[in-house]
Amino acid sequence: MLLIACPNCGPRAQAEFTFERPLASIVTPTETLPDLIHKLFTRENPRGPSWELWRHTYGCAGWLKVHRDTHSHQISAALPVDMETPS
Ligand SMILES: [Zn+2]
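Calculation notes
Residues numbered from 1 in each chain as written. Predicted model: local features only at pLDDT ≥ 70, side-chain atom pairs only at ≥ 80, totals over all residues. Helix = DSSP H or I, 4+ residues; strand = E, 2+ residues; numbered from the N terminus. Core = buried A, V, L, I, M, F, W, Y, C linked by C-beta atoms within 7 Å. Buried ≥ 20, exposed ≤ 12 C-beta atoms within 10 Å, placed from the backbone. Contact = placed C-beta atoms within 7 Å. Pairing = 2+ DSSP bridges.

**Focus: the overall build of the chain**
Then, in step 1: Along its length, the chain carries one helix and six strands.
Then, in step 2: For the chain, the N- to C-terminal ordering of α and β elements is β-β-β-α-β-β-β.
Then, in step 3: Taken over the C-alpha atoms alone, the chain extends approximately 40 × 25 × 25 Å along its principal axes.

In structure tokens:
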């Protein structure tokens, strides 16, 4: 069973969480229209480690940043959404 360590609740089954999107595709209100279109519709789908936005939908309902390998699905980190991601 795949576990995700929610910063609020601790380790929980992946089935309690919902994947939202890769962090690189998150848009802000200050971006230009071409940048918005690129981030929303033409983003890459890399194979390997990726930072993603997830939600603990069937738990605390909190948002978190998850570092997941898109090939092996191994999760190496789960951070509060307001915490800076390591580079
Ligand atoms: Zn939680």
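We are not done yet, so read on.
**A short note on the nonpolar core**
Then, in step 1: Listed in full, the seven residues of the largest apolar core are I4, C6, F17, W54, L64, V66 and A78.
Then, in step 2: Ignoring sequence-local partners within four residues, the contact set of V66 consists of I4, E52, W54, I75 and A78.

**Remarks on the pairing of strand β1 (residues 3–6)**
Then, in step 1: Side chains I4 and C6 project from β1 onto a buried face, and the interleaved L3 and A5 project onto a face without burial.
Then, in step 2: Bridging between β1 and strand β2 (residues 10–13) involves four bridges; their strand directions are antiparallel. Among the inter-strand pairings, A5 is bridged to a residue of β2, identified as P11.
Then, in step 3: As consecutive antiparallel partners, β1 and β2 are separated by three residues.

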